[in-house]
2 protein chains.
Amino acid sequence: MARVGLTTERLVRAGAELADEIGFEQVTASELARRFDVKVASLYSHVKNSQDLKTRIALFALAELADRAADAVAGRAGKDALTAFAHAYRDYGREHPGRAAAARLRLDPETAAASAGVRHAQMTRAILRGYDLAEPDQTHAVRLLGSVFHGYVSLETAGGFSHSAPDSEETWTRILDALDALLRNWPAPPTP
Amino acid sequence: MARVGLTTERLVRAGAELADEIGFEQVTASELARRFDVKVASLYSHVKNSQDLKTRIALFALAELADRAADAVAGRAGKDALTAFAHAYRDYGREHPGRAAAARLRLDPETAAASAGVRHAQMTRAILRGYDLAEPDQTHAVRLLGSVFHGYVSLETAGGFSHSAPDSEETWTRILDALDALLRNWPAPPTP
DNA sequence: CCCATTTGCCTAAACGCTTTAGGCAAATGC
DNA sequence: GCATTTGCCTAAAGCGTTTAGGCAAATGGG
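Here we summarise the structure given alongside this text.

### Here's the deal with the pattern of salt bridges
Oppositely charged side chains can form a pair if their charged atoms are brought close together. All names here are of chain A. In total, this model carries 36 salt bridges over all chains according to the counting rule given. For the salt bridge of Glu64 with Arg99, the shortest nitrogen-to-oxygen distance reads 2.9 Å. Here the residue Glu64 occupies a position in helix α4 (residues 50–73), and Arg99 occupies one in helix α6 (residues 97–103), the gap between them amounting to 35 residues. Judged by relative accessible area, which is 22%, Glu64 ranks as partly exposed. Each of Glu21, Glu31, Arg34 and Arg35 takes part in one network of salt bridges that share partners.

### Some details on the nonpolar core
Ranked by size, the top nonpolar core spans 122 residues in total, and within it Phe149 of chain A together with Phe149 of chain B carry the most contacts. When residues no more than four places from it in sequence are discounted, the contact partners of Phe149 of chain B are Leu82, Phe85, Ala86, Tyr89, Trp172 and Leu176 of chain B.

### Observations regarding the side chain of Glu156 of chain B
All names here are of chain B. With respect to the helices, strands and loops of the structure, Glu156 is situated in helix α8 (residues 137–157). Looking at Glu156, its side chain comes within polar contact range of the side chain of Ser168, at 2.6 Å. Residues contacting Glu156, with those up to four places away along its chain left out, are Arg90, Arg94, Phe161 and Ser168.

### Remarks on unusual backbone geometry
All names here are of chain A. The omega torsion of the bond from Glu135 to Pro136 falls at 5°, within 30 degrees of zero and hence cis. Mapped onto the fold, Pro136 is located in the loop between α8 (117–128) and α9 (137–157). Not every positive phi belongs to a glycine, and Asp37 is a case in point at roughly 55°. Relative to the elements of secondary structure, Asp37 occurs in the loop between α2 (29–36) and α3 (40–43).

### Some remarks on the relation of the copies chain B and chain A
For the match of chain B to chain A, the screw axis carries a shift of 0.0 Å, the RMSD comes to 0.0 Å, and the turn is 180°. Viewed as a symmetry operation, the transformation between the two copies matches a two-fold axis. Considering only C-alpha atoms, the residue of chain B closest to the rotation axis is Gly151 of chain B, which sits at 2.0 Å.

Definitions and cut-offs
Residues numbered from 1 in each chain as written. Chains lettered and ligands numbered in written order. Predicted model: local features only at pLDDT ≥ 70, side-chain atom pairs only at ≥ 80, totals over all residues. Heavy atoms only, no water. Salt bridge = Lys/Arg side-chain N within 4 Å of Asp/Glu carboxyl O. Helix = DSSP H or I, 4+ residues; strand = E, 2+ residues; numbered from the N terminus. Buried < 20%, exposed > 50% of the residue type's maximum accessible area, 1.4 Å probe, protein only. Core = buried A, V, L, I, M, F, W, Y, C linked by side-chain atoms within 4.5 Å. Contact = heavy atoms within 4.5 Å. Polar contact = N/O pair within 3.5 Å; in protein donor to acceptor, adjacent residues only side chain to side chain. Least-squares fit on C-alpha atoms with pLDDT ≥ 70 in both.

Right under this line is the structure:
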């Protein structure tokens, strides 16, 4: 019997591509086995189970996105860095909707702590160094930016902004203008 | 054989409760049948299939959340309305994580157009009437608010903000302060 | 009140995905 | 060249989905 040369790595990469083609939810060990022209049981030497496969795809996507975002911000600061970072997120979601969905998979705390997710947070903090935010406002801002990026890409992928004017591209740049303005002028906590 | 009195309505409500207990992803026709102490096939007289069931739960959650949000904003305007609306979203996500996840289910365009999702958008626009935003900025702002609410609740549910200071409650109010300030001072498009 | 019709839940069965156990053959290395 | 390891296999069990067809409980007209 010919050996195909399965590895965890190859399965994960193929799983990521499959996610972009048919949607992350639809990625299944069976479908993946079909792609490799291999019996399903053969995958179980390389991944623990179906959940493990999905988690690995998620980690792969998180790392890939972090690499892209890091490339995008390299050598930039201030609004320049913010928009480059933001566009990296949105572009990834548009080019690789399945991987982006994978990157939104809920991970258990230890897995998340060991994932590229922490690089995402660190990069966001680095970008905020271009603005004048002391703690705890910096953390609030990190969470705001994470929410906006996560939420926007998610809604856009769901088709929420298509078929209506203005187009999503324009909204995205205007939202970034707005966020830049907000970060430059972050309001002090109200004194009650 | 005793009749249990299944209806589509009862299945959907029970499905929503089940979602809060075990997670929306885990809601399955089989599990629902078990809860009603009924054979799985019996459900298929009331829902077309598993996808139909999930979609109905999603529509139920969207409508319930829209009702709550409408209650919350009733009689309020400006920042008051904004924060009441936002808290309705976040509270729903915390009280009913499964239903909130259901409300984020991707719907096909026609279903979405006939859902309470349009009420959500209308309410957001109504709140923005308390701010001075002309089109297309109003649409940009609607999309920003949708992204923030959607994203924040999603990340919070995933545990993204737990076990780290400051606590999520504080971040949420400070984000709303920031959004209020931003909406009162929405930047004009840069003139290139 | 009885009988016909409708309705609700059932059994049976097929199909697909997941997962484990155990086997054989190809690759590896001494 | 042979022993060991490794990789993919077959087999089988378990569970969720879905359809087809059946029987009994509810419903309602005469």
